[in-house]
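Breakdown of the fold
Each chain, written out:
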Amino acid sequence: MERRNEKRGRGEKVLLFDRKVRPEKVPTEKSAPAQSEKVRGEGEETARGEARSRGEEKAGGAERTGGEERVRAALAPCSAMSPAGPAQPRPHVLRALRALLAVFLAPWGLWAVEDEDCTWQVVLNKFETVGQSGASDRFFRQEPLDTVEKVFRTLVDAPIDPEEVSGLRSGEREGPVPRALGPGRSPNLFLQKYLGFPYYLKVNYSCEGQPSEALVRKGHLTGLKPVVLVTFQSPVNFRHWKIEQLQIQMEAAPFRSKESCNEEEVCVISWYTPMPIKNGSVVMHVDVSGNGLGPLIPQKRFQVNINGFLKRNQDSTIKFTVGSELFHLAPRYFVNAPSRPLWYTVDQAPVLILGGIPNEKSILLTDTSFKDFSLIELNIDSCWVGSIYCPQADFAATIYDTISTESTLFIRQNQLVYYSTGTYTTLHEGDHGSGSWVRVLANECIKKLCPVEFHSNGSEYVMALTTGKHEGYVHFGTITDGRVSFKMLPVSLSVCEGIQVSNCSIIWSVFLKGEKLLLLVESMVTATRNLYQVVSYNLVTDSLSILYKIPEFIPDARGLEFLMMLRTESFTTSPMVPKGMSYDPYNNLLYIWGNFLLQSYDYENFIYLADFPKESSIKYLVNSFQGELAIVTETEEIWYILEGSYRVYKLIPSDGWEVHVSLQAMRQSNSYAANETMVTIFYEQDKLYQLVYLISRQEARLVKRLVPVVQLLNYQQVNSHYLLEQQGGHQTLTFTNLCPFTVMRLWDLPDPQSYTRQERYRALPPRVLEASGFHSERSLAVYQGLVYYLLWLHSKYDKPYADPVHDPTWRWWKNKKQDQDYYFYLASNWRSAGGVHIDMASYEKIYNVKAEYQLPERIFLDKGTKYSFSLFLTARGSALKTDSTIGASFQLESQLDLGVLLADPGCIEAAVKQEILINRNSVLFKVTLSDKRICFDQGISGHNLMKTSMLVKVVGSAGHCFQNTHLGPRLQGNLVVPVLIGCPPGKRLAFDITYTLEYNHLQNKHYFDCVEVDPEMPCFLFRDIFYPFFLIQDLVTGDSGSFQGSYVLKVVGGGPSLDAIREYSEEEIYRFNSPLDNTDSLIWTTKNTTTTEDLAFNILSHQSSGIEWLCLPNSPCHDTVPRSIFAPEFFFKVLVSNRGVDKSTYCDYQLIFLLHIHGLPLSSKRALFLLLVSSIIFLGLVALYIIACLLWPLVVKACNILRWKITNIVASESYYTYASSSSRGFSLSSKASSKASSKRSERDKAEPGQTLAKRSLT
């Protein structure tokens, strides 16, 4: 149906229903500006032309046959329908119905069914490569671009403010050149223009055995739109950057390929979203899911990290700063080479590196967690020097140890250690990159590097173990903002001297929370006997202590799964040979491994895990830090441990693994081959992955593949627990299910944001006014600018004065909401400038994220905070019955019990309530985890949080219970909840200027603002009592309430103007604020008598009696010189803190803001001086008046006489001048008259002759 273009008057709202346009009168105050008439006229002509084109396309499409052809004809780029991208604002229900209609018209193959073989694909594209097939770019550019500015200048009649495009708002200071977004300790950057990010995310999906282009076209035609959720990882250095958990949810916009295609079909389609960048974050997780329409593709997470080890050459080529990229994976690099551990700072390292390539100074480098990778030959000097202090028997080019941190890479080659710092301008606010490799510890002989998996105190750490002359020492490395420093520990004595042995060697070192090191020390007792000990070193006190002496021989478990080491057990003849240690800071679990496996929760009492065979030797451990642990032996076997269980499961090789490989071979999977070598294993998203080198069909490649842990455990259970029973003439196979329950569900989960502290924004692409719904480069540029500005508002929102509305986006649309219907009118009639419509409701902060029926990845607990949920279990078989005793309650006779294991029971506690549901053969457990309020001091929001965890375990379920989900099988019965105790991120203290003004006006009966009004910083009168109020604002949940706790207020700086503000010293702060001051220096006082414990400062609260300004003689605000005719004014820099005085929270709220006070009194001396000067001036004027009055008659008389004399003189001179001029004039006139008379007589004589002559002629 064609669009009817009619002239509509102002104030008419257009309602759309099935392409019918019906104007409806609505009240509005805004009309179309005259300068937009030309744009509207062009829009109408375009609409008419497109309407004609739609009619032609529809007629041509009617001739086609087949369901898919009909759908393509109906939804072609120039068709009338546009379910994938709305051409006009219309009800969402109608768009969904159109998409469903397209599905019904299409063949059944287009029906939306979930296909586990389908997966999302994400690549990075620059501005210049958008729409190009096969384009993929590397993520190293970090500065925003101004390519979107010209596009925004054309949006003259849109909700965006043109003032924000062309410059700054009034009252804002111009900042430096804008950089990537994010709040930090540096001053906020003020927006000068709309900017864009350097990259887009290109989203597609693929299914096994089907062409990708057809799949994406099918998804678009059936209404599929990918939803992209970008999660920014918080930085390490909390002193430089604000700690926050930030997410932004975007909807991908469909975009047609730039390449030519058949006009009869839809061209190659992809979806695009901006790839945002935030200051302080170099690690980003991208979760891609569907919108509920079209094919149901499982959600998938991608690692999209910034690679600071890339640079652009002058010829625009990209190269690595750490070496040269090799493009050939030779078999000798991996075949028969042992696997090696992948060490990095968990959740913080954007770039991972892996060495171990035999006799090559090369490493594998990836910024996508080995989704793709590069082989790099390092540009190091490889100077191998041996000496008597550093004995080195063999030398090789192999890179033995590699460790990745947030911005720095470490490698060890022989005894040499190098590091390289990447260029991360979003992290360091400058170029701190080392450019290449830097050698450290040049005079030391390093035998091993030990990683520290978690950062703490704003820094990352690495440990280097020495040999040779400094045997028994540890070089403790600290990395802060890319700067590396090492310190040799212990400071006073070596470890050997500290434990009183003559000769020892440190095998391994781990860094514990609480500023401690655990050292695995080997000391020689005899030539054939060594002693191994666990030694604790305190970094604060520089003291050593022996925690545990490892037995000389492996204990005899006598068929038990585990054995408590009490020194009373019997031992085998196999010696214990420890090789290393592994530590989990969340559950405090320490493992000592070698040809055995010991575990401990207190580092003094150990449990021997007997399932691991003493004939094998562990090479390294891989911890998920979510309750799972993988073990790799020297023979490349993979074992598995689940927290809460003492069983050790063998995964590879095993019968289950052989079955799995056979099934993959039947499916012809390209991730498996007969000839393969494991390179490493690692955890990602709580799943275990292998990096494997495959050789198949003369083709060699590296593959990242999932280790199917759950399937292997399930197969082991099925294979070992079955019965063959004779029934009649045949045997039946019966399997025993060891899981004690059949159904396990989580109920009553609270809204996650209060505990996960995830801030989330939503940004949808602008609506394009184009029939097909496809976006253009201009509309994508608009999308870039809108996302950038949304995140800029987020970074700018962290300011001391609270807005009237607690929402970062409030300032964006507060002056445009009233015109929302007008912009809707323009878009409905295809008159929006630039061909895009910006919906203000599509850019907002989300505060109501709901739980997804699973426990969060981690939770934050403030002082006394509780987290509760319910666990519903349905027992297997008939497990509930009444007791034989009369009147007894129902009892649960099966082993359906729930246990809770706390890593720090002294800090947190758990309560479990059981409710038996008899009619459902089920049990409902309500679990409540709460903080004990004793284990953490006050701290800044998100700083120095204490790590702990809670394990909820169904008794008898470990390794026996499995559940099949749409994301694959998973284990059940073990729920691990990492807990962070302290002040949660996203909470802040703000000055409630709105209520402060109202309350001060009410109490003082008046309010006088400054002469020059500043709406962002109102003034307060000096003589009025000042009543300050503050807000506790939760940036995550949107809650904002009055601060009810106690606080200390100090004036820490000030000046008579903004430019003259200076910081006060500690001694000055004490004198200006302390009630104990006796130097007449107080700036303010209060009637409140509550003070701190040392009586140094007053303690205030929301119920305090207010502040009275004093400005005593020795204070900086005393005797302020006025700068104009108005009263003096002063700017106070005020610090408000609740540290040490508020026991209701772990948060150390610190707020620094400027307070503008006017009407300050003058000092007595200056007032007397001004009085004297004013009096003198006044008396002088009075005296001058009196004198003028007395002398005025004389002056008038003298003036009259003088004037009379002057008049006489002038008159006499005029008389003489007139007389002389009169005589001369008389003589001249006489001569002239005589001459005139003579001439007249002559003329009279001649006249008679002339008269006679005339007469004769006639």
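This text gives an overview of the structure that appears in the document.

Basis of the calculations
Residues numbered from 1 in each chain as written. Predicted model: local features only at pLDDT ≥ 70, side-chain atom pairs only at ≥ 80, totals over all residues. Heavy atoms only, no water. Pairing = 2+ DSSP bridges. Helix = DSSP H or I, 4+ residues; strand = E, 2+ residues; numbered from the N terminus. Expected span 1.5 Å × (residues − 1). Buried < 20%, exposed > 50% of the residue type's maximum accessible area, 1.4 Å probe, protein only. Arc of directions from axis to C-beta. Contact = heavy atoms within 4.5 Å. Salt bridge = Lys/Arg side-chain N within 4 Å of Asp/Glu carboxyl O. Polar contact = N/O pair within 3.5 Å; in protein donor to acceptor, adjacent residues only side chain to side chain. Patch = residues over 30% accessible without salt bridge, like charges linked within 9 Å, V, L, I, M, F, W, Y side chains within 5 Å. Areas by Shrake-Rupley, 256 points an atom, 1.4 Å probe, with all protein chains shown as cover. Core = buried A, V, L, I, M, F, W, Y, C linked by side-chain atoms within 4.5 Å.

1. What about the sheet that holds strand S20 (residues 416-421)?
The mixed open sheet is built from 5 strands, whose spatial order is S14-S18-S19-S20-S21. Every other strand in the sheet has two partners, leaving strand S14 (343-344) and strand S21 (438-440) as the edge strands with one partner each.

2. Digging into helix H10 (residues 709-720)
The first and last C-alpha atoms of H10 sit 17 Å apart over 12 residues, in line with the 16 Å expected at 1.5 Å per residue. Of all the residues in H10, the buried ones are Val 709, Val 710, Leu 712, Leu 713 and Gln 717. Along the long axis of H10, the arc covered by the buried residues comes to 170°, so they all point the same way. Packing partners of the buried residues in H10 comprise strand S39 (638-642), strand S40 (648-652), helix H9 (655-666), strand S42 (687-696), strand S59 (962-965) and strand S60 (968-971).

3. Side note on the pattern of salt bridges
Counted according to the given criterion, the structure contains 36 salt bridges. A salt bridge links Lys 579 to Glu 634; its shortest N-O distance comes to 3.0 Å. Of this pair, Lys 579 sits in strand S33 (residues 578-584) while Glu 634 sits in the loop between strand S38 (628-633) and S39, placing them 55 residues apart in sequence. Residue Lys 579 is classed as partly exposed on the basis of its relative accessible area of 29%. With a shortest N-O distance of 2.7 Å, Asp 1034 and Arg 757 are connected by a salt bridge. With Asp 1034 in strand S64 (residues 1030-1034) and Arg 757 in the loop between helix H11 (753-756) and strand S47 (758-763), the pair connects residues that are 277 residues apart, well separated along the chain. Connected via shared salt-bridge partners are Lys 799, Asp 803, Arg 811 and Glu 1016.

4. Brief notes about the side chain of Asn 204
Within the secondary structure, Asn 204 sits in strand S4 (residues 199-207). With relative accessibility at 16%, the residue Asn 204 sits in the buried group. Of the polar contacts made by the side chain of Asn 204, one reaches the side chain of Ser 270; its length is 3.3 Å. If we skip the residues at most four places from it in the chain, Asn 204 touches Thr 119, Trp 120, Gln 121, Val 216, Ile 269, Ser 270 and Trp 271.

5. Here we look at the pairing of S40
Counted residue by residue, S40 has 4 buried out of 5 residues, so it is predominantly covered. Bridge count between S39 and S40: 4 bridges; the pairing is antiparallel. By the bridge assignment, Tyr 640 is partnered in S40 with Tyr 649. Where S39 hands over to S40, the hairpin turn is made up of 5 residues, of which Gly 644 adopts a positive phi near 95°.

6. Section: a nonpolar patch on the surface
A contiguous nonpolar surface patch, about 1200 Å² in accessible area, is contributed by Phe 1178, Leu 1179, Val 1182, Tyr 1185, Ile 1186, Ile 1187, Leu 1190, Leu 1191, Trp 1192, Leu 1194 and Val 1195. Mapping Val 1195 onto the fold places it in helix H17 (residues 1164-1257).

7. Looking at the nonpolar core
Phe 139, Tyr 205, Val 230, Ile 248, Met 275, Val 286 and Trp 812 are the most contacted members of the largest nonpolar core, which totals 95 residues. Ignoring anything within four residues of it in the chain, the contact list for Ile 248 reads Val 228, Leu 229, Val 230, Phe 232, Pro 276, Tyr 761, Ala 763, Val 787, Leu 790 and Leu 791. By size, the runner-up hydrophobic cluster in this structure holds 69 residues, among which are Leu 512, Met 565, Leu 590 and Trp 593.

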